[in-house]
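Understanding the architecture of this molecule
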Amino acid sequence: MPDIFTDEAINPTAQTPKPQPVTKQATAHHKVSFLSTFVRDPDGVSLAEQRDDEHILLFIRRDFITNVPWIFSTIILIILPFFLPFVFQPLNISFAFVPLTVLTILAIFYYVIIAGFVFANFVTWFYDIGIVTEARAVDIDFYNISYVSVATARAQDLKDVRYFQRGFFQSFFDYGDVSLVVEASGETLTFEQTPRPAEVVNILSALIGGHD
Amino acid sequence: MPFDPLAFIQNFNNIRLFIKVAFLILVGLYAIFTFMLATKIRSFNKILFLPANSGGAFLQLVAIIYFFIVLSLFIVTIVIV
């Protein structure tokens, strides 16, 4: 007769994998390059006030695609002076009275300003960094040159994490804003236009879960 | 004698002087801006340590070089224009 009810033999090797806390994950370090925007377990990155045992889980910057508008503007600005004669000739405007040295310095200054525009925009992107460690989330914002913000929230103070993808481009290129709600103050810490926001939320959720 | 702005502008030397002063103010302000940029990068590199190949030190060097380029443009404007 076939056995209907049998005790299953317990196989000691086949166990249900337990969800591992974020802090205990086996990690392979990844290198951070000049244009990196999303690096898990980054190698060689550290914060000024970082504890020795504090491991950095995630290093993020704004998605590189967000740089396209200023790169496009730069290209327009570079080629713009070459079209100026075609604009002024029909209007019979001549700059012959301006000395050549002045024109030369004006041109140099114009291109130095463009170089500055490129450099400032690149630096703004380069230092717009979000870092998630085992103990905290750090958001470094660099708007223009005049506004700098460094915000930190401890992992145990984080209440909620969510992400938003607005519009076609954010969905198409898979980037968006990740908001962290801080429990005590109710304030939000936002990693803006971060690549792979769902993955970032996953990592942060595991971090919040690990501290509950 | 009353000041005549038209006569002032029509004089070639006055135009040169006007351009020079305007230019010096512009370049001077721009030099301050680039100095601020270099300072900000320096302070950021003290908050956050990035690996050597990731460009933190390189950007600081570029900012300093850029500042000196703008400064030399200021000096060139004083001397040449």
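Model, not experiment: these values are computed from the prediction. (Residues numbered from 1 in each chain as written. Chains lettered and ligands numbered in written order. Predicted model: local features only at pLDDT ≥ 70, side-chain atom pairs only at ≥ 80, totals over all residues. Heavy atoms only, no water.)

Our focus in this paragraph is the sheet that holds strand β10 (residues 175–182) of chain A. Residues and elements named next belong to chain A. Taken in spatial order, the three strands of this open sheet run β9-β10-β11, and their pairing is antiparallel. The outermost strands of the open sheet, each flanked by one partner alone, are β9 (158–164) and β11 (188–195). On average, each strand axis in the sheet is inclined to that of its neighbour by 15°, with strand direction left out of account. As paired strands, β9 and β10 are joined by six bridges and run antiparallel to one another. (Pairing = 2+ DSSP bridges. Helix = DSSP H or I, 4+ residues; strand = E, 2+ residues; numbered from the N terminus. Axes fitted to C-alpha atoms, helices over the stretch in contact; angles between N-to-C directions.)

So, on to the interface of chain B and chain A. On the chain A side, the residues contacting the 36 residues of chain B number 38 residues. Summing both sides of the interface, chain B and chain A together bury roughly 3200 Å²; the carbon and sulfur share of this comes to 84%. Scanning the region where chain B abuts chain A turns up zero salt bridges. Run the count over chain B and chain A and you get six residue pairs in polar contact (both at pLDDT 80 or more). (Contact = heavy atoms within 4.5 Å. Buried area = accessible area lost by both parts, 1.4 Å probe. Salt bridge = Lys/Arg side-chain N within 4 Å of Asp/Glu carboxyl O. Polar contact = N/O pair within 3.5 Å; in protein donor to acceptor, adjacent residues only side chain to side chain.)

Before going further, it helps to spend a moment on the domain arrangement of chain A. Its domain assignment divides chain A into domain 1 (27–62 + 128–209) and domain 2 (68–123). Look at where the C-alpha atoms of domain 1 of chain A and domain 2 of chain A centre, and you get two points 38 Å apart. (Domains from an automatic or database assignment.)

You can see R136 of chain A is positioned in strand β7 (residues 136–143). Only 2.8 Å separates the side chain of R136 of chain A from the side chain of E54 of chain A, close enough to count as a polar contact.

On to empty space enclosed by the protein. Residues and elements named next belong to chain A. Counted by the stated rule, this structure contains one cavity of 30 Å³ or more. The space that makes up the largest cavity amounts to roughly 50 Å³. What lines the largest cavity is simply I60, R61, R62, D128, I129, G130, D139, F191, E192 and T194. In terms of residue count, β11 provides more of the lining of the largest cavity than any other element does, three residues in total. Taken together, the residues of the lining of the largest cavity break down into three nonpolar, two polar and five charged. (1 Å grid on protein atoms, 1.4 Å probe; cavity = no way out; pocket = protein on both sides within 12 Å on 5 of 7 lines; lining within 4 Å. Points joined across faces, edges and corners; volume = space filled by probe spheres on them. Nonpolar A, V, L, I, M, F, W, Y, C, P; charged D, E, K, R; others polar.)

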